[in-house]
Amino acid sequence: MMKSRADEMRRIMDFKHNIRNVSVIAHAGHGKSTLTNYLVVAAEDVWRADTHQDDAEHGITMKFPGINLYYEMSNDFLKNYKGKRQGNRYLLELIDTPWAMDFSSEVPASHRIADGALVVVDCVEGVSVQTETVLRQALDQKIRPVLIINKMDRFFLELQLDGEDAYQRCSMVIESANAILATYDDPSSTSLGDVRVYPEKGTVAFSAGLHGWAFTLTNFAKKFASKFGVDEATMMERLWGENFFDPKTKKWTNHHTGSPSCRRGFVQFCYEPIKQIIRDCTEGKAGLWPMLGKLGVTMKSEEKDSTGMTLMKLVMQSWLPASTALVEMMIFQLPSPADAQKYRVENLYEGPLHAKYAKAIRNCDPHGPLMFYVLRMIPAASDKGRFFALGRILSGTLSTGMKVRIMDPDYVPGGEKKKENVLIKTIWIGNVQETVEDMPCGNILTLYSKAQFITKNAILTNTKEVDAHPIRAMKRTILSKILRCFR
């Protein structure tokens, strides 16, 4: 993984199959900001999800902070990837969503510029009412979700659950999430396919955000597949559900045989090894280092001098780094703009779907007419009177020095409503001042302006494109329904 730099990120922005636009959503206190920070650290970018002072004071995230993270993955990491890609470099563009009551009406707007969602759920508290609301909003926008069962450290350190109890708890969280996804999924639409999440398919991760570790079943399938003489996909299936292994008979069964040595695959090969490592770290057991050697985990000499919880955190981050599991899910399980815009165009474009604008959005065409959706204008905290315009280019290419036309959401071609023209002066990558000369479609960016030329959200297009329609108005959640989530 390499350092996030403007020149490196700009190069990858031309490779639309290697981009992931992802919103991070969760109920208050379920740990999404903590997990997001580990992604940032892994990309060697100095940024925190709680970027605003008013967020830090209240302990919440808001105002749609966006961050662009650049990664270069190894050939071994990508060997099982089946989709289209252009090399090993990826750009992950994250949108942190607000959770607080005052900002719940804005959550659907953040989905508008994302194609996938990381849904973070506390393993003990389970799926909340607000999480259900946000999942429904995501499906309305044709956003594909993946699930992160967070705070798994509570199973080991606080509740001290045995493997089977922990499995049942996780299974209940997954079943609850899938019940919601099945309820609100549109059966008439085949564009997203099955949106439910399955650990054995790699769409569920298990994490401890506080301690910086996470895993998908892929981590353990890679280790044990060769031992059992099967491929990784088969091994992943054995690590979840009604699959049990008895080391005495060396046989797999689809039911518990009654033998004390017969245990569920997830418990025996995933949960128990983690439990053993955590216990050895916190209790100072001598067997820790030989076990780490077998797992291929190497520690720095100064790290080996650590003890207790500090040692446990360092060991777990070395063995199962949170960033690796999350990046794997985003690359392997969530769609690129090139794929997502093919089926999202009907939710996005207000005008005729046979028009050149709709075709350009559908094809994520950098040579088509410019269609830039402004999600929100954000005032610059340090510079009064200046504003950031956060948004996503759906088609075409935006360049500095380009004169663009502003269309409000209620604009109708040929109508009397005035259309403002503005000159694009500065294009930024992410939330730091790293400027580029231009940026193609499929990417999220920030424009910098001396005045608030947009009141809320809008579409920017070429001045000559007089027959372009704006982006379709979103389905708004009724305020009374939103308020129920916080009672």
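About the cut-offs
Residues numbered from 1 in each chain as written. Predicted model: local features only at pLDDT ≥ 70, side-chain atom pairs only at ≥ 80, totals over all residues. Heavy atoms only, no water. Helix = DSSP H or I, 4+ residues; strand = E, 2+ residues; numbered from the N terminus. Buried < 20%, exposed > 50% of the residue type's maximum accessible area, 1.4 Å probe, protein only. Contact = heavy atoms within 4.5 Å. Areas by Shrake-Rupley, 256 points an atom, 1.4 Å probe, with all protein chains shown as cover. Pairing = 2+ DSSP bridges. Axes fitted to C-alpha atoms, helices over the stretch in contact; angles between N-to-C directions.

Structural notes on the overall build of the protein chain
Argument step 1. Within the protein chain, the regular secondary structure consists of 17 helices and 20 strands.
Argument step 2. Looking at the protein chain as a whole, 55% of its 487 residues are labelled buried.
Argument step 3. Look at the contacts in the protein chain between residues 6 or more apart in sequence, and 71% of them connect residues 24 or more apart.
Argument step 4. Carbon and sulfur atoms make up 50% of the accessible area of the protein chain, which amounts to about 20,800 Å² in all.

Thoughts on the sheet that holds strand β3 (residues 89-96)
Argument step 1. The strand order β2-β3-β1-β4-β5-β6-β7 describes an open sheet built from 7 strands, whose pairing is mixed. If you trace the sheet from one side to the other, it starts and ends with β2 (66-72) and β7 (213-215), each paired once. For this sheet the average axis-to-axis angle between neighbouring strands, irrespective of direction, equals 25°.
Argument step 2. On top of the sheet, helix α14 (residues 322-333) reaches β1 (19-26), β2, β3, β4 (116-122), β5 (144-150), β6 (204-208) and β7; it is set at about 160° to β5, its chief contact.

Regarding the environment of Thr-446
Argument step 1. Mapping Thr-446 onto the fold places it in strand β19 (residues 444-449).
Argument step 2. On the accessibility criterion, Thr-446 (7% relative accessible area) is buried.
Argument step 3. Separated by 19 residues in sequence, Thr-446 and Ile-427 place their C-alpha atoms 6.1 Å apart.

Comments concerning the sheet that holds strand β9 (residues 251-253)
Argument step 1. Reading across from one edge, β9-β8-β10 is the order of the 3 strands in this open sheet, with antiparallel pairing throughout. Strands with a single pairing partner mark the edges of an open sheet, and in this sheet they are β9 and β10 (263-264).
Argument step 2. Strand direction decides the pairing type here: strand β8 (residues 244-246) and β9, joined by 3 bridges, are antiparallel. Across the sheet, the residue bridging to Phe-244 is Thr-253, located in β9.

Notes on unusual backbone geometry
Argument step 1. Of note, Lys-142 is a non-glycine position whose phi angle comes to about 60°, a positive value.
Argument step 2. Inspection of the secondary structure assignment puts Lys-142 in the loop between α5 (129-140) and β5.
Argument step 3. One non-glycine residue with positive phi stands out, namely Gln-160, at about 50°.
Argument step 4. Examined against the element boundaries, Gln-160 turns out to sit in the loop between α6 (153-158) and α7 (163-184).
Argument step 5. Gln-160 gets classed as exposed once you look at its relative accessible area, which sits at 61%.

Re the pairing of β6
For a regular strand, side-chain orientation follows a simple rule: the groups alternate between the two sheet faces.
Argument step 1. Of all 5 residues in β6, 5 are buried; the element is thus mostly enclosed.
Argument step 2. Going residue by residue along β6, you find Val-204, Phe-206 and Ala-208 tucked away on one face and Ala-205 and Ser-207 tucked away on the opposite face as well.
Argument step 3. In terms of strand pairing, β5 meets β6 through 3 bridges, oriented parallel. The residue bridging Ile-148 from the neighbouring strand is Ala-205, located in β6.
Argument step 4. Sheet analysis places β6 next to β7, joined by 3 bridges and oriented antiparallel. Within β7, the residue paired with Phe-206 across the bridge is Phe-215.
Argument step 5. Between β6 and β7, which follow one another and run antiparallel, lie 4 residues, and Gly-212 among them has a positive phi close to 75°.

Here's the deal with the environment of Phe-15
Argument step 1. Position of Phe-15 relative to the elements: it lies in the loop between α1 (6-12) and β1.
Argument step 2. For the pair formed by Phe-15 and Tyr-90, sequence separation is 75 residues and the distance between their alpha carbons is 8.6 Å.

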